[in-house]
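# Inside the fold
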Amino acid sequence: MQRCQDARILLVDDEPELLELVAQALRGAGYVNLALAGTAAQARAAFSSFAPDFIVLDVNLPDGDGFSLLQAFRAQADVPVLFLSARDADADRLFGLGLGADDYLPKPFLMQELLLRIALILRRTYRGRCVQSAPLHLGDTTVDFTTASVTRPSGTCTLTATECHLLQKLAESRGRIVTFDALCECVWGSGYYGYENSLNVHIRHLREKLEDNPSRPCRLLTVRGLGYRLCVEEA
């Protein structure tokens, strides 16, 4: 993919009018490869035949739900996903992010905000600095940023684009505190306000992939009231 606008984007929503509006906005912004689906079955078929680089995913679908679809998609490929849903409760948003979604935008929304969020995630995923980073060694755990993979004696798992960038930011300042603000800005840009809870969810998932006991971390530590710190040596 030479540029973000070349990304294959799968749009999944049960509202045909909204699907077409989003598709028109994306085409107007220069995105040329789009596939549309109005049901979970159509989304699964498109995922297999279209091989998307990015998915905009509704939660409520007539024959299933977006949460289950995300889990099914991620079992096959680490494709970035943005939830676009009328379910705007904090519990739903945090649940979606907890499943590994890169972002969650409740309806109604500003079309320009959706375009900005999509562009940010694509730049972060396909043009991010992660591909330029040396491996990170944490005791018996190795993080390869070029493949966004974590290798441990128990096996290998994959980092999401968001987790990759958070961990890289922490690794750049290893042994020092990285503030909540700095981490949020690294991932969501200067308009990150309101993403603090989302940051906590992503940090929790990072710990599940890096720590022997995520509830008692010894590698990725919380500095109360300030931020997080990646330890230099094993505790």
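Source: prediction; values computed, not measured. (Residues numbered from 1 in each chain as written. Predicted model: local features only at pLDDT ≥ 70, side-chain atom pairs only at ≥ 80, totals over all residues. Heavy atoms only, no water.)

## Things to note about the pairing of strand S6 (residues 81-85)
- Most of S6 sits inside the fold, with five of its five residues counted as buried.
- Of the two faces of S6, the one lined by Val-81, Phe-83 and Ser-85 and the one lined by Leu-82 and Leu-84 are each fully buried.
- Where strand S3 (residues 54-57) and S6 come together, three bridges link them in parallel fashion. By the bridge assignment, Val-56 is partnered in S6 with Leu-82.
- Viewed along the sheet, the connection from S6 through helix H4 (residues 90-98) into strand S7 (residues 103-106) turns out right-handed. (Buried < 20%, exposed > 50% of the residue type's maximum accessible area, 1.4 Å probe, protein only. Helix = DSSP H or I, 4+ residues; strand = E, 2+ residues; numbered from the N terminus. Pairing = 2+ DSSP bridges. Right-handed = clockwise from strand over helix to strand, strands pointing away.)

## Observations concerning empty space enclosed by the protein
- Following the criterion strictly, the structure yields one cavity of 30 Å³ or more and no others.
- What the largest cavity holds in volume is close to 40 Å³.
- Lining the largest cavity are Leu-11, Val-12, Asp-13, Leu-18, Leu-19, Val-22, Val-56 and Leu-84.
- Of all the elements in the fold, those that place two or more residues in the lining of the largest cavity are strand S1 (8-12) and helix H1 (16-28).
- It is H1 that contributes the most residues to the lining of the largest cavity, three residues altogether.
- For the lining of the largest cavity, the per-class residue count stands at seven nonpolar, no polar and one charged. (1 Å grid on protein atoms, 1.4 Å probe; cavity = no way out; pocket = protein on both sides within 12 Å on 5 of 7 lines; lining within 4 Å. Points joined across faces, edges and corners; volume = space filled by probe spheres on them. Nonpolar A, V, L, I, M, F, W, Y, C, P; charged D, E, K, R; others polar.)

## As for the confidence of the model for the protein
- In the predicted model, the protein carries a mean pLDDT of 86, and 91% of its residues have values of at least 70.
- The lowest-confidence element of the protein is helix H7 (residues 180-188), averaging 82 in pLDDT; the highest-confidence one is S3, averaging 96.
- Within the model, pLDDT remains below 50 along residues 128-132, and this stretch shows twelve contacts once partners closer than five positions in the same chain are excluded. (pLDDT = per-residue confidence, 0-100. Contact = heavy atoms within 4.5 Å.)

## Section: the packing of aromatic side chains
- Tallying each qualifying case throughout the model produces five aromatic pairs.
- Consider the rings of Phe-67 and Phe-95, whose centres lie 4.9 Å apart with planes at 80 degrees: the pair is edge-to-face. Linking Phe-67 in helix H3 (residues 66-74) with Phe-95 in helix H4, this pair joins segments that are 28 residues apart in sequence.
- For Phe-67, a relative accessible area of 7% puts it in the buried group.
- Aromatic pair Phe-83 and Tyr-104: ring centres 5.7 Å apart, planes at 50 degrees, arrangement tilted. Taken together, the residues span a long stretch of sequence, with Phe-83 in strand S6 and Tyr-104 in strand S7 at a distance of 21 residues. As far as the burial class goes, Phe-83 and Tyr-104 line up, both buried.
- Among the aromatic residues, those joined into a cluster by ring pairs are Phe-67, Phe-83, Phe-95 and Tyr-104. (Phe/Tyr/Trp six-rings, centres within 6.5 Å; stacked < 30°, edge-to-face > 60°.)

## Some points on the pattern of salt bridges
- Using the criterion set out here, one finds 13 salt bridges in the structure.
- Salt-bridge contacts for Asp-58 lead to Lys-107; the nearest nitrogen and oxygen are separated by 3.7 Å. Note that Asp-58 is positioned in the loop between S3 and strand S4 (60-61) and Lys-107 in the loop between S7 and helix H5 (111-126), a separation of 49 residues in sequence.
- We classify Asp-58 as buried; its relative accessible area is 2%.
- The exposure class of Lys-107 is buried, given its relative accessible area of 13%.
- The shortest N-O distance in the salt bridge between Arg-93 and Asp-90 comes to 3.6 Å. Here Arg-93 pairs with Asp-90, and both are found in helix H4, just three residues apart, close to one helical turn.
- What you see here is one network of salt bridges that share partners, running through Asp-13, Glu-15, Asp-58 and Lys-107. (Salt bridge = Lys/Arg side-chain N within 4 Å of Asp/Glu carboxyl O.)

## What to know about the layout of surface pockets
- The computed volume of the second largest pocket comes to approximately 230 Å³.
- Residue lining of the second largest pocket: 15 residues in total, with Arg-74, Leu-99, Thr-158, Thr-160 and Lys-209 positioned closest to the centre.
- Broken down by element, the residue count for the lining of the second largest pocket peaks at three residues, all from H3.
- Along the lines of polarity and charge, the residues of the lining of the second largest pocket split into five nonpolar, six polar and four charged.

## Considerations on the sheet that holds strand S8 (residues 136-138)
- In spatial order, the strands read S8-S9-S10-S11; together these four strands make up an open sheet with antiparallel pairing. One side of each edge strand has no neighbouring strand; the edge strands of this open sheet are S8 and strand S11 (155-158). If you compare each strand with its neighbour and ignore which way they point, the axes differ by 20 degrees on average.
- Where strand S10 (residues 149-152) and S11 come together, four bridges link them in antiparallel fashion. When the bridges of S11 are listed, Arg-152 appears paired with Gly-155.
- Of the strands in this sheet, S8, strand S9 (141-144), S10 and S11 touch helix H8 (residues 196-210), which is tilted by about 35 degrees from S10. (Axes fitted to C-alpha atoms, helices over the stretch in contact; angles between N-to-C directions.)

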